[in-house]
Structures are given as C-alpha cells and as structure tokens.
Amino acid sequence: MSGGTRRFVVGISGASGMPYARRLLAWFAGPGRARGVEAHVVASRAGRLVWAHEIGEDLAAFGLPVHAPGDLGAPFASGSARFDGMAVAPCSAAALARIAHGTSHDLLGRAADVMLKERRPLVLLLREAPYSLVHVRNMALAIEAGAVVLPASPGFYARPSTLAELVDGVVGRVLDQLGLDNDLAPRWSGMGEPR
Ligand SMILES: Cc1cc2nc3c(=O)[nH]c(=O)nc-3n(C[C@H](O)[C@H](O)[C@H](O)COP(=O)(O)O)c2cc1C
C-alpha cells in the first residue's frame, strides 16, 4: 500500500498472553524485516505492566520502533499514512470494548480506530476467560465494524509438543489474517494415519 514496503502496527494491551506478542515481534524483526515488512509497536500502560510481569525483557530489544501510548503524533495515528494492518496481541477485554465503541484514549486505540475506518485488516487476539455477555456483544460490534476477533486459544491438531509450538500455532494465524506469508506452524493436510 505504501510503495513496496508493507507497514504494520503491533498493539500490546494488558491481557495475559505476552509470549504471543514476543513471538510476533520476533517474526517482524526477523523474517518480516527480511521480506521488507516494517512493524511499529505500541503497548498500552497496562500492556507494559503485564509484559514486564510475563516477559521482563526490554520491549525495545527487538529493534522495532516502540511508541509511547500517549504518542498520538505517531505516523499510524492518521489514516493518511496508509499503514497496511494491525494486530492487537494480546487484546484485553477493555481494549476490545474501546475499539468496538470507538472511544480510544491512547495511541493503541487510535491506531485500531484508524484501521477500521480505513478498512485495513485489524486482528484482535482476544484473551479473557470466561466471557461475559458484554465481551460477546463487543466482539460482535468489532466484527461488524470489520475486525477479526481471533481468540488466543491454541489448537492441538498439529500435535504441538512445546509451549513454543503452541504459541507459533496462534501467531501464525494472526500473520495469516494480516496477509503475511509465514511458516510458523504446520498446515493441515488431512488426518493421515491415526496414531
Ligand atoms: C497480570 C495481569 C493479567 C491480566 N490478564 C488479563 C487478561 O487476560 N484479559 C483481560 O482482558 N484483562 C487482563 N488484565 C486486566 C487488564 O490489564 C486491565 O483491564 C487493563 O485496564 C487493560 O488496559 P488496556 O486495555 O489499556 O491494555 C490483566 C491484568 C494483569 C495485571
């Protein structure tokens, strides 16, 4: 969309599931960058807290531009910058609510709002359990507005044997939804022989 280089936003909100965010950032910093894909990162205040608790590593360690939640002057805060898509990974129930209702108060919410109005892919890797009716209604609103709600629920049909494989299975689906070719997880090719 923007002259050859494709540009994406990774929003990190304050839900549990930071290993998904870390894998996504590592993909953008590695295979993504090698293919000319650019990624910008914004974590909400709660996102930074939960990241510190679950990961601890510096968010800037991936060499991707990291924007402060209050940096409403970031390029992707405007539709005219023509970014190609955004993943909110993980997506808290609170971030989902703000996105569904268009009541953004920080750069993460504004960027998601921009994706919806510009009809760009917006993938919400939602993590909450159990769901209340409020969550379900907000999911419906977000989907009606064009977002993809992708629950952070790993599949087991590829028979993952490590946590990393479980995480890769979910993150591969996020990248798929953004239209980014990846080989993070094996693709289903039929049942094969039963074990
Ligand atoms: C350790 C920790 C784990 C949390 N996990 C979740 C979660 O899985 N899902 C969720 O919706 N909120 C979770 N929360 C609560 C959110 O962080 C809280 O609602 C926050 O206001 C979300 O802000 P944000 O949407 O701006 O990131 C968690 C909070 C903490 C401290």
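Attention here is on the structure that accompanies the text. Since this is a predicted model, take the numbers as computed values, not measurements.

**Quick word on the packing of aromatic side chains**
Inference 1: Inspection of the entire model under this criterion finds 5 aromatic pairs.
Inference 2: Centre to centre, the rings of Trp51 and Phe62 are 6.3 Å apart; their planes meet at 75 degrees, and the pair counts as edge-to-face. Of this pair, Trp51 sits in helix H2 (residues 45–54) while Phe62 sits in the loop between H2 and strand E3 (66–67); the two residues are 11 residues apart in sequence, bridging distant segments of the chain. Comparing Trp51 with Phe62 shows no difference in burial state: the two are buried.
Inference 3: An angle of 85 degrees between the planes, with centres 5.8 Å apart, marks the rings of Tyr157 and Trp188 as edge-to-face. Here Tyr157 is found in the loop between strand E6 (148–149) and helix H6 (163–177), whereas its partner Trp188 is found in the segment after H6, with 31 residues between them in sequence.

**Regarding the nonpolar core**
Inference 1: Formed by 34 residues in total, the largest nonpolar core has its most connected members in Ile12, Leu24, Leu25, Phe28 and Trp51.
Inference 2: Ranked by the residues each element gives to this core, the list is headed by helix H1 (residues 18–34), at 7 residues.
Inference 3: Leaving out residues up to four positions away in the same chain, Trp51 has contacts with Ile12, Met18, Ala21, Arg22, Leu25, Gly56, Glu57, Asp58, Leu59 and Phe62.
Inference 4: Phe83, Met115, Met139 and Val149 belong to the second-largest nonpolar core, a separate cluster that totals 27 residues.

**Quick word on unusual backbone geometry**
Inference 1: Across the junction of Ala89 and Pro90, the peptide omega takes the value -5 degrees, indicating a cis bond.
Inference 2: Its location among the elements puts Pro90 in strand E4 (residues 85–91).
Inference 3: The omega torsion across Ala129 and Pro130 is -10 degrees, close enough to zero to call that bond cis.
Inference 4: Within the fold, Pro130 resides in the loop between strand E5 (122–126) and helix H5 (133–144).
Inference 5: Residues other than glycine seldom take positive phi values, yet Arg159 does so here, at roughly 55 degrees.
Inference 6: Looking at where Arg159 falls in the secondary structure, it is placed in the loop between E6 and H6.
Inference 7: Residue Arg159 is classed as partly exposed on the basis of its relative accessible area of 42%.

Conventions adopted
Residues numbered from 1 in each chain as written. Predicted model: local features only at pLDDT ≥ 70, side-chain atom pairs only at ≥ 80, totals over all residues. Heavy atoms only, no water. Phe/Tyr/Trp six-rings, centres within 6.5 Å; stacked < 30°, edge-to-face > 60°. Helix = DSSP H or I, 4+ residues; strand = E, 2+ residues; numbered from the N terminus. Buried < 20%, exposed > 50% of the residue type's maximum accessible area, 1.4 Å probe, protein only. Core = buried A, V, L, I, M, F, W, Y, C linked by side-chain atoms within 4.5 Å. Contact = heavy atoms within 4.5 Å.

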